[in-house]
Amino acid sequence: MGFSVPDFRRKWSCRGYMSAGAAMVTAALGLSLVLAERAEARKYTSPLDIFGIAAPRPRPVVHSARIPLPRPRPEEAPKASGEAPPEPDGKPPADKPGADKPAEAAAPPEKPVSACRLALTEEIAIAPSIPDIRGPGACGGEDLVRLEAIVLPDKRKVTVKPAAILRCTMASAIADWLRKDMAPLATSLGSTIGELDNFDSFECRGRNRVAGALLSEHGKANALDVRGIKLANGQSIGLTDRTMPREVRERVLHSVCSRFSTVLGPGSDWYHEDHIHLDLAQRRNDYRICQWNVWDPLPQIAPLLPAERPEEAPPREVAAKSETKSETKEGADDEAAEKPAADAGKSQPHKPATKKRR
């Protein structure tokens, strides 16, 4: 079989050019697809490329964008406050407890104020509240105050020295006693009350400070020991002072025994000879104890002094000699009187009786 160009052109005049062009177009398209696949494959790491030896991924081009700034605040706008604006949807802020937060996150409820605390205002007494005391055993109590002063009806203050730690009910009873009973007593004496002598208030101890004894009302902040009341004129009313008029002490006795459930003073025991114990102990059937003997005032005995020496008396030396002689003479007389008596007392020897001869 022979081949010649003229025969080829004559036989394949149009088909040859068309076939060659189609082949070139096909090859170009295939090459472009291969290149596109490789370029796309560079963006993702091959799953078999464990050691990262493939071609590095090209970093995306970062285009800088202009961020718009807020407009300046106008001068006539109101000043911003420190409070945060409310949420538009009515949701509570994150720092406030909501329905989604646990219950322990909420603040504990406040302790309700007692009726005694509401009644004991600053017009009656200066008695700020203090926290509850939880001591060893049953010591302590609730609703406690520090009684610093008592305000009289005429707005004068009676200082409690030192300040007493008491239950509110006990502090209220002390205030009523001074305002309604002791203030009129001081007025009858020509003065006003200036100070209350506090001997003891709250103390965690047994009765009379005896080891192993029952808990005292002082350990429950329910008792007060009072020694006296000082008046504004400097006079002092000693509750156990026997030099005070008996009528005054009896008046104090009747007032405290009608207000407090326990009153212990002189005559009750050896522990209350110099002060008065007051408390509000609760007993069965509202039983009360009032043991305070108001002793009579001490007798006033004039001192025994020797009489003055008369002017006509002899000098002391002469008087001393005469007294010595008289004492000597009296002693001799006494001895002489005692001697015959002693001789007379001696027994004579017994002689037998004899008959006379005629």
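Values in this document were obtained by computation on a predicted structure and should not be read as measured data. (Residues numbered from 1 in each chain as written. Predicted model: local features only at pLDDT ≥ 70, side-chain atom pairs only at ≥ 80, totals over all residues. Heavy atoms only, no water.)

So, about the packing of aromatic side chains. The tally for this structure, following the rule as stated, stands at one aromatic pair. Taking the centre distance of 6.4 Å and the plane angle of 80° together, the rings of Trp177 and Phe260 count as edge-to-face. A residue pair is termed long-range when its members are at least 10 positions apart, and Trp177 in helix H4 (residues 168-188) and Phe260 in the loop between helix H5 (246-259) and strand E10 (262-264) qualify at 83 residues. Of the two residues examined, Trp177 and Phe260, each falls in the buried class. (Phe/Tyr/Trp six-rings, centres within 6.5 Å; stacked < 30°, edge-to-face > 60°. Helix = DSSP H or I, 4+ residues; strand = E, 2+ residues; numbered from the N terminus. Buried < 20%, exposed > 50% of the residue type's maximum accessible area, 1.4 Å probe, protein only.)

Per-chain confidence: the protein chain averages 78 in pLDDT, with 65% of residues scoring 70 or above. In this model, residues 353-358 is a region of pLDDT below 50 whose contacts with residues beyond four sequence positions or in other chains number zero contacts. (pLDDT = per-residue confidence, 0-100. Contact = heavy atoms within 4.5 Å.)

For the coordinates displayed, the defined rule picks out three disulfides. Each sulfur of the disulfide joining Cys139 and Cys204 lies 1.8 Å from the other. Taking the torsion about the sulfur-sulfur bond, which here is approximately 85°, the covalent link between Cys139 and Cys204 counts as right-handed. Of the two residues, Cys139 sits in the loop between strand E3 (133-134) and strand E4 (140-141) while Cys204 sits in the loop between strand E7 (193-200) and strand E8 (223-231), which places them 65 residues apart along the sequence. Note on Cys139: relative accessible area 7%, which makes it buried. Covalently, Cys257 is tied to Cys290 through a disulfide, its sulfur atoms 1.8 Å apart. Its torsion about the S-S bond being 50°, the disulfide of Cys257 and Cys290 is classed as right-handed. Note that Cys257 is positioned in helix H5 and Cys290 in strand E12 (residues 289-291), a separation of 33 residues in sequence. Assessed through its relative accessible area of 40%, Cys290 is described here as partly exposed. When the bonded cysteines of the protein chain are numbered from the N-terminus onward, they pair as 1-3, 2-4, 5-6. (Disulfide = S-S within 2.5 Å.)

Turning next to the pattern of salt bridges. All chains considered together, the criterion is met by 13 salt bridges. The salt bridge partner of Glu142 is Arg134, with a shortest N-O separation of 2.5 Å. (Salt bridge = Lys/Arg side-chain N within 4 Å of Asp/Glu carboxyl O.)

What follows concerns unusual backbone geometry. Omega for the peptide link from Lys161 to Pro162 comes to -15°, which places this bond in the cis form. Within the fold, Pro162 resides in strand E6 (residues 157-167). Phi at Asp143 is positive, roughly 55°, even though this residue is not glycine. Mapped onto the fold, Asp143 is located in the loop between E4 and strand E5 (144-151). The class of Asp143 is partly exposed, set by a relative accessible area of 27%.

Attention shifts here to H5. In an α-helix, one turn spans 3.6 residues, which is why side chains three or four residues apart end up on the same side. Between its first and last C-alpha atoms H5 spans 20 Å; for 14 residues at 1.5 Å apiece the expected length is 20 Å, and the two agree. Within the sequence span of H5, burial applies to Val248, Arg249, Val252, Leu253, Ser255, Val256 and Cys257. (Expected span 1.5 Å × (residues − 1).)

With 45 residues, the main nonpolar core has Ile174, Trp177, Phe260 and Leu278 as its most contacted residues. Put simply, the parts of the chain that give this core at least two residues each are E5, E6, H4, E7, E8, H5 and strand E11 (276-279). Ranked by the residues each element gives to this core, the list is headed by H4, at twelve residues. Beyond its immediate stretch of four places on either side in the chain, Leu278 contacts Met170, Ile174, Trp177, Asn222, Ala223, Leu224, Asp225, Val226, Val256, Phe260, Thr262 and Val263. (Core = buried A, V, L, I, M, F, W, Y, C linked by side-chain atoms within 4.5 Å.)

Relative to the elements of secondary structure, Ser114 occurs in the loop between helix H2 (15-41) and helix H3 (115-119). Along the backbone, Ser114 and Asp143 are 29 residues apart, and their C-alpha atoms lie at a distance of 7.5 Å. A polar contact of 2.7 Å, which involves the side chain of Ser114, links it to the side chain of Asp143. (Polar contact = N/O pair within 3.5 Å; in protein donor to acceptor, adjacent residues only side chain to side chain.)

Turning to the pairing of E6, a few remarks are in order. Across seven bridges, E5 lies against E6 in antiparallel orientation. Following the sheet pairing, Arg146 is matched in E6 by Ile165. What sits between the antiparallel neighbours E5 and E6 is a turn of five residues, in which Lys155 has the positive phi angle 75°. (Pairing = 2+ DSSP bridges.)

What follows deals with H4. Compared with the 30 Å implied by 1.5 Å per residue over 21 residues, the 30 Å span of H4 between its first and last C-alpha is a close match. At Met182, H4 shows its strongest bend, of approximately 40°, with the proline Pro184 following within four residues. Positive backbone phi, at 85°, marks Gly190, one or two positions downstream of H4. (Bend = angle between axes of the 7 residues up to and from the residue.)

Here we come to the pairing of E11. A regular strand places its side chains so that they alternate between the two faces of the sheet. Where burial is concerned, the two faces of E11 agree: the one with Ile276 and Leu278 and the one with His277 and Asp279 are both buried. Relative to E11, E8 runs antiparallel, the two sharing four bridges. When the sheet's bridge partners are listed, Leu224 is paired in E11 with Leu278.

Here we take up the environment of Gly267. Here Gly267 shows up in the loop between E10 and E11. Classification of Gly267 as partly exposed rests on a relative accessible area of 41%. C-alpha of Gly267 to C-alpha of Trp292: the two residues are 25 residues apart in sequence and 5.9 Å apart in space. Setting aside anything within four residues of it in sequence, one finds Gly267 in contact with Glu273, Asn293 and Trp295.

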